[in-house]
Amino acid sequence: MNHRIAYLWLGMLLVSPALLADPAAGSGPSASNASGVTLERIMSNPDWIGNPPEQAYWGYDSRHIYYWQKRTDSTLRDLYAVNVTTDVVHKVADNELGRVSAPGDAYNTEHTLRVFVRDNNVFVRALSSGVLRQLTRDTTPKTDPSFMADGVHVQWHQGHDIYLYDLRSGLLSLVADVRLEDDPARTKPPQNYLQAEQPRLFDFLSKQQADNNATLQQQAAQTSSDTTRVPVPWYLGDKFSIAHSSLSPDGHWLVLVTEPKDYDKGAPGIMPEWITASGYVEMLKRHTYVGLNPPAPQSVLLLDLNTHVSYPLDLSQLPGIKDDPLAELRKSAVEWDVQHGMERKTAEESVLAPAIRPVSVWGLAWSDNGKQLALEFRANDNKDRWIATLDFGKQTLVTQNQLTDPAWINWDFHEFGWLHDNHTLWYLSEASGYSQLYVKDVRAQAARQLARGSFEISDPLLTHDDRYFYAVANQQAPGIYEIYRIDIHKGVMQAVTHLGGVNGPQPSALEEGGMSYALSPDETKLLVYHSTTLRPPEVYVVEARPAGKAKRITHTVTSAFTTIHWVKPQIVQVPSTHVRQSLYARLYVPQDYTERKSWPAVVFIHGAGYLQDAHQGWSFYFREMMFSTFLTQHGYLVLDMDYRGSKGYGRGWRTAIYRNMGHPEVQDIEDGTRWLENDWHVDARRLGVWGGSYGGFMTYMMMFRRPQLFAAGAALRPVGDWADYNDFYTGNILNRPSVDPKAYYDSSPINYAGQLQNHLLILQGMQDDNVFFLDTVHMVQKLIELRNPNFDVMFYPTEHHDFKAPSSWLDEYRRIWRLFNTYVNPLAPAPVK
C-alpha cells in the first residue's frame, strides 16, 4: 500500500497545476467554432465518422463480397453480404453464418475446390455448385488448410501437428507422431560407476531391461507393418522446440523449424497495472529490452516420411554466413565499454562473434507438386537475407538469391513463392534500391526483374495461369498507390485502377482491421479498398484488366462527418538542404490565409519511423488530421512531413537513420520550418511541434537538439532511451547495445535533455506496453535532476500505447491545444464562453 501511495504522490508532483485546471477556462481561443469542429467531437468515439468495412473477402461464386462492420457504440461486429451485380446489401443473421461463404484462398490444382477454416473447423466448397462439405466438428484450433498435390487429400495444422484428410474415404490421420523426447528403445549409457555395476550384479535388472527392449521392438515392428496404425513415432530428443512445421504437397517430406529449448529469452519488462478490480497494483510481464532477447537461432530438420530418416540442414552452406559484418563495431564497442568502466576481458567476451551467424526462418514455400521447397533465411544481425531451395537428393541448400544490406534488411517486402510451373521462383527485393518484383527459373543462373523504376512494388497476387501478377505500386507519385497488372513474360506493367489516393493495403488498417485487396475466384474482378485524404476506406470492385471499370460497393461514412468542411491537405515537396531528394509533406492551410501577415504554425511528426503519412489516402492519424483542420480554423498552418526514415521512398531514404536516429530527421524538420517561414510567411517565433511514439521521440529531439526552434512541443508516448525499447525494432536500426553502444547514446534523447530551453509537455499512458511508462519516468527524473522548470507531465492510468477512452483523447488534446495557445500563439483572441 505504501508503494501505491508513493506512486500516486509522485504523479501529482509531476503534473503542472496549470494543466490540471479546466481547459475551457483561461486565455486562448475557444475549443469550438461555427463549423462544428470541436475537440469534443474530434476526440469522441470514432463511430461518429462511420465504421469502415473490415476484412472484406470474395464469396466462392465471385458474385458476392462479404465484410465485417463494427456496431455503433459496441465492440460487436456483424457480417454483411453484397451482391456486386445488383448492389443489394444483406446483413447476415447469426443463424446464417454457417451457410454463407467464408474467407480462404487455398484451392486445389484444378481451381474447382476451396478449403477454409471457420470456427476452428475445416470445410471444402465446390466452386461450381456451391456444395459445402464439413470435414471436422470439434473445438481444437486449426490453421493453414491446403490441398495436397493429388487433389483428394486436405492437410491442416493443429499446433505443430499436421493432419491429413482423405476426401474419398473420410479417413483423418496424423501425418507424423513427432515427440520431443529421447527414444525409449535406445538404452542410455550409465552415467557413473554405480549405475554401470547394477545390471552386472543383479539378473533381475538385466532381465527387466531385456524384456522392455523386446516389447518396444515388437511394438515398432507391428506399427511399421500395419498401415492401420499411426506411423512409427519420431523421437527427436529434448534439446529443442518446434517453431514451425510444414508438409510437402506430395506427402513425402516434413520440414521442422526448430529453436534451442534452453535459449535464454531474457527477463521481461515489468509493468504495473494501476487500475484493477482487486484495488491492488498488479504486475504484468511485457517485452524484453533490446539486446537482452535477440531472436533465437533457428535450424531446419528434414524428415523423410517414406524412409523414416531425418536430415538436419547445414546452414553453413549459405554464402557469407561465416562472415562478421559487425566486426569493426565489435572492436569499437570494447573500447567504448572500457572507457565507461567495464573490464576489458568482460567487454571483449560480451561482443564475441559467433563462428556461424545465427538466422531465423522467415518463410518457406512449396511448389504445387511438392517437388521443390524454397526457404527464406534472415540473419539475426539483420544484415543478410537468403532465399534458398533444397536439393532433396543431397539434402543440401542451393542459394537462389542473397540480399545484403549494410544497414538492415527491411522487415517489409519479404514475400516469395513459386509460379504454378513448379520450377520458377518469384520474390520481392530491394536490390535496386526500391522494392521490385523478380522471377527466377531455378534451372537457370540469373533472375529477371519484371519492372523497373524509382517506386515500390508490394503485395503481389499471381494468376492461376501464370500470365500475370497483380501488385500495388506508387509508380505515379510516392503518395499515390494504384493496383497494377504485370505481364510475367513481357514485363509490361499497366495500371488497373485509376482512382487516385491509396488503393489496396490501407495505412489505417493498423487500427481498423485487415484492409487490402483480393482477386475474385474466377480472376475477373478485384476487391479493392480505396481511400483519400478526407474519406476513410471503402470497398470497390474493379475489373481485373488495365484501366478496369471501378464501382463503389460500400457506403459507410456518416453525413455527420461528410458535412463538415475539412481542410484538405496539400501534398507538397519541401526542398532539402541535406539531400537531393525533396521531402514530401501534408500542408494544412487556413481558409483565410493571406500573404499580408505572418502566421503561427505547428509541425506534426508521425510515429513508427518507418511509416508514410504524406500519402493521398486516409491516414492512420485520422484524429490528428481532424485536429489539423481545427488548428487551421484557429489561424495555424500545420506541416506533416515524411522525414528520412519514412516508408515509401526507397531503401536509401529508409536507412538514412541507421545508427543515427533523430539526427537526419531533425535536419529535415528544420528544413520544413525554414520553408514555412520563407514560402508561407510563418513567424519563426511562433512555431510548435507535436507527435506520438516515434513522433514523441522526435519531439524530444527537436526540443533538445534545436532548443530555440520551437516555442513549445508536446511529446506523446515518447521514447526517451532506446535501450528501454524492444529488440526487433531497435536491433535493426541501431544494432544491439553490446555491439554498438555509441549508436544508442547518440540516438537517445535523454542524453540531450540538458539542452531544453522552451516548454515541453509529456503525455504518457501508464499501461503502455510498447513504450514503457518507465521510460517517461526516467526522462522526468532526468529533467528534475537538471533542475529544468520548462516541462509538464500528464499520465493516463488506464491507457496503453494507443489510447482507447474518448475522455483520455480529449484530455490529452485539450492540453496540447492549451500548450500551443499559451506558448506558440499567445496573442490569440480570448475564448468564447
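Keep in mind that this is a model prediction, so the values were computed, not measured.

K.L.:
Let's hear about the overall build of the protein: which residues, and what values?
P.N.:
Summing up its helical and strand segments, the protein has 17 helices and 45 strands in all. The globule rule puts the C-alpha radius of gyration for 833 residues at 28 Å, and the 30 Å found for the protein is close to it. Long-range pairs, those at least 24 residues apart, make up 60% of the contacts in the protein with a sequence separation of at least 6. Distance from the positive charge centre (76 side chains) to the negative charge centre (93 side chains) of the protein: 3 Å.

K.L.:
Could you give an account of the sheet that holds strand 26 (residues 424-429), naming the residues involved and the relevant values?
P.N.:
Spatially, four strands are ordered 25-26-27-28 in an open sheet, and the strand pairing comes out antiparallel. Lying at the two open borders of the sheet, with one neighbouring strand each, are strand 25 (416-418) and strand 28 (448-449). Summarising the sheet, strand 27 (residues 436-441) and strand 28 pair through two bridges and their orientation is antiparallel. Residue pairing across strands places Tyr438 opposite Gln449, the latter belonging to strand 28.

K.L.:
An account of the environment of Leu284 is needed here, citing residue identities and associated values.
P.N.:
Inspection of the secondary structure puts Leu284 in strand 18 (residues 282-286). Remark: the alpha-carbon pair of Leu284 and Met271, spanning 13 residues in sequence, is separated by 5.1 Å. Not counting residues up to four positions away in its chain, the partners in contact with Leu284 are Gly269, Ile270, Met271, Glu273 and Gln767.

K.L.:
Describe in detail the sheet that holds strand 44 (residues 759-765), supporting the description with residues and values.
P.N.:
With mixed pairing, eight strands are arranged side by side in an open sheet as 38-39-41-40-42-43-44-45. In this open sheet, the two edge strands, each paired with only one partner strand, are strand 38 (570-574) and strand 45 (791-796). Neighbour-to-neighbour, the strand axes of the sheet open up by a mean angle of 20 degrees, direction not taken into account. Pairing analysis gives six bridges linking strand 40 (residues 599-605) to strand 42 (residues 682-692), with the strands arranged parallel. Looking across to strand 42, one finds that Val603 is bridged to Val689. On top of the sheet, helix 12 (residues 664-680) reaches strand 38, strand 39 (583-588), strand 40, strand 41 (637-641) and strand 42; it is set at about 145 degrees to strand 41, its chief contact. The sheet strands contacting helix 13 (residues 694-705) are strand 40, strand 42, strand 43 (712-716) and strand 44, and the helix crosses strand 42 at an angle near 145 degrees.

K.L.:
Describe the packing of aromatic side chains, with residues and values.
P.N.:
How two aromatic rings sit relative to each other is given by the distance of their centres and the angle of their planes. Following the criterion strictly, the structure yields 47 aromatic pairs and no others. Aromatic pair Trp366 and Phe392: ring centres 6.1 Å apart, planes at 10 degrees, arrangement stacked. Taken together, the residues Trp366 in strand 21 (residues 359-366) and Phe392 in the loop between strand 23 (384-391) and strand 24 (396-404) connect sequence positions 26 residues apart. Each member of the pair, Trp366 together with Phe392, is buried.

K.L.:
Help me get a handle on the packing of helix 10 (residues 622-632) against helix 17 (residues 806-824), residues and values and all.
P.N.:
Packing of helix 10 against helix 17 brings their axes to within 13 Å, and their N-to-C directions diverge by 35 degrees. Along this stretch, helix 10 crosses helix 17, giving a crossing that reads as right-handed. Together, Arg623, Glu624, Phe627, Phe630 and Leu631 of helix 10 and Trp809, Tyr813, Ile816, Trp817 and Phe820 of helix 17 make up the contact between the two elements. Of the residues in the contact of helix 10 with helix 17, the class split is eight nonpolar, no polar and two charged.

K.L.:
Hey, could you go over the pattern of salt bridges for me, with residue numbers and the actual values?
P.N.:
Across all of its chains, the model carries 38 salt bridges by this definition. Between Asp166 and Arg168 there is a salt bridge, with the nearest N and O atoms lying 3.2 Å from each other. The partner of Arg815 in a salt bridge is Asp811, and the shortest N-O contact between them spans 2.6 Å. Of this pair, Arg815 and Asp811 both sit in helix 17, four residues apart, roughly one helical turn. A single network of salt bridges, built from pairs that share partners, joins Asp405, Glu430, Arg651 and Arg654.

K.L.:
Explain helix 10 residue by residue, including any values.
P.N.:
Among the 11 residues of helix 10, 11 are classified as buried, and the element is accordingly described as predominantly covered. All buried positions along helix 10 are accounted for by Phe622, Arg623, Glu624, Met625, Met626, Phe627, Ser628, Thr629, Phe630, Leu631 and Thr632.

K.L.:
Let's hear about unusual backbone geometry: which residues, and what values?
P.N.:
One non-glycine residue, Ser62, lies in the positive phi region at around 65 degrees. With respect to the helices, strands and loops of the structure, Ser62 is situated in the loop between strand 1 (54-58) and strand 2 (64-70). Even without glycine at this site, Gln395 takes up a positive phi of about 55 degrees. Within the secondary structure, Gln395 sits in the loop between strand 23 and strand 24.

K.L.:
Which residues make up the nonpolar core, and what values go with them?
P.N.:
Core analysis: the biggest nonpolar cluster contains 96 residues, and Ile457, Phe469, Trp722 and Leu760 have the highest contact counts within it. When residues in this core are grouped by element, the largest group, eight residues, is from helix 13. Among residues more than four places away in sequence, those in contact with Trp722 are Val290, Met661, Tyr694, Phe697, Tyr729, Thr730, Leu734, Tyr744, Ser747 and Ser748.

K.L.:
Would you mind going over the packing of helix 12 against helix 13 in detail, with residue names and values included?
P.N.:
Contact geometry for helix 12 and helix 13: axes closest at 10 Å, N-to-C directions at 75 degrees. It follows that helix 12 is roughly perpendicular to helix 13 by the angle criterion. Between helix 12 and helix 13, the contacting residues are Glu665, Val666, Ile669 and Glu670 on the first element and Tyr694, Phe697, Met698, Met701, Met702 and Arg705 on the second. Split by residue class, the contact of helix 12 with helix 13 holds seven nonpolar, no polar and three charged.

K.L.:
Break down the pairing of strand 23 for me, citing the residues and quoting the values.
P.N.:
Across the eight residues of strand 23, seven count as buried, placing the element largely inside the fold. Bridge count between strand 22 (residues 373-379) and strand 23: five bridges; the pairing is antiparallel. For Glu376, the partnering residue across the bridge sits in strand 23 and is Ile387. Between strand 22 and strand 23, which pair antiparallel one after the other, the connecting turn spans four residues, and Asn382 there sits at a positive phi close to 75 degrees. In terms of strand pairing, strand 23 meets strand 24 through eight bridges, oriented antiparallel. When the bridges of strand 24 are listed, Ala388 appears paired with Thr399. Here strand 23 folds back onto strand 24 in antiparallel fashion, the turn holding four residues, of which Gln395 has a positive phi close to 55 degrees.

K.L.:
Give me helix 12: which residues, what numbers.
P.N.:
One turn of the α-helix equals 3.6 residues, which is why residues spaced by three or four share an orientation. Taking 1.5 Å per residue as the helical rise, helix 12 with its 17 residues ought to reach 24 Å, and the 23 Å between its terminal C-alpha atoms agrees with that figure. With 13 of 17 residues buried, helix 12 is to be regarded as a mostly interior element. Following helix 12 by one or two positions, His681 has its phi on the positive side, about 55 degrees.

Conventions used here
- Residues numbered from 1 in each chain as written.
- Predicted model: local features only at pLDDT ≥ 70, side-chain atom pairs only at ≥ 80, totals over all residues.
- Heavy atoms only, no water.
- Helix = DSSP H or I, 4+ residues; strand = E, 2+ residues; numbered from the N terminus.
- Rg over C-alpha atoms; globule rule 2.2 N^0.38 Å.
- Contact = heavy atoms within 4.5 Å.
- Lys, Arg positive; Asp, Glu negative; His and termini not counted.
- Charge placed at Lys NZ, Arg CZ, Asp CG, Glu CD.
- Pairing = 2+ DSSP bridges.
- Axes fitted to C-alpha atoms, helices over the stretch in contact; angles between N-to-C directions.
- Phe/Tyr/Trp six-rings, centres within 6.5 Å; stacked < 30°, edge-to-face > 60°.
- Buried < 20%, exposed > 50% of the residue type's maximum accessible area, 1.4 Å probe, protein only.
- Left-handed = near helix turned anticlockwise from the far one by under 90°.
- Nonpolar A, V, L, I, M, F, W, Y, C, P; charged D, E, K, R; others polar.
- Salt bridge = Lys/Arg side-chain N within 4 Å of Asp/Glu carboxyl O.
- Core = buried A, V, L, I, M, F, W, Y, C linked by side-chain atoms within 4.5 Å.
- Parallel < 35°, antiparallel > 145°, perpendicular 65-115°, else oblique.
- Expected span 1.5 Å × (residues − 1).

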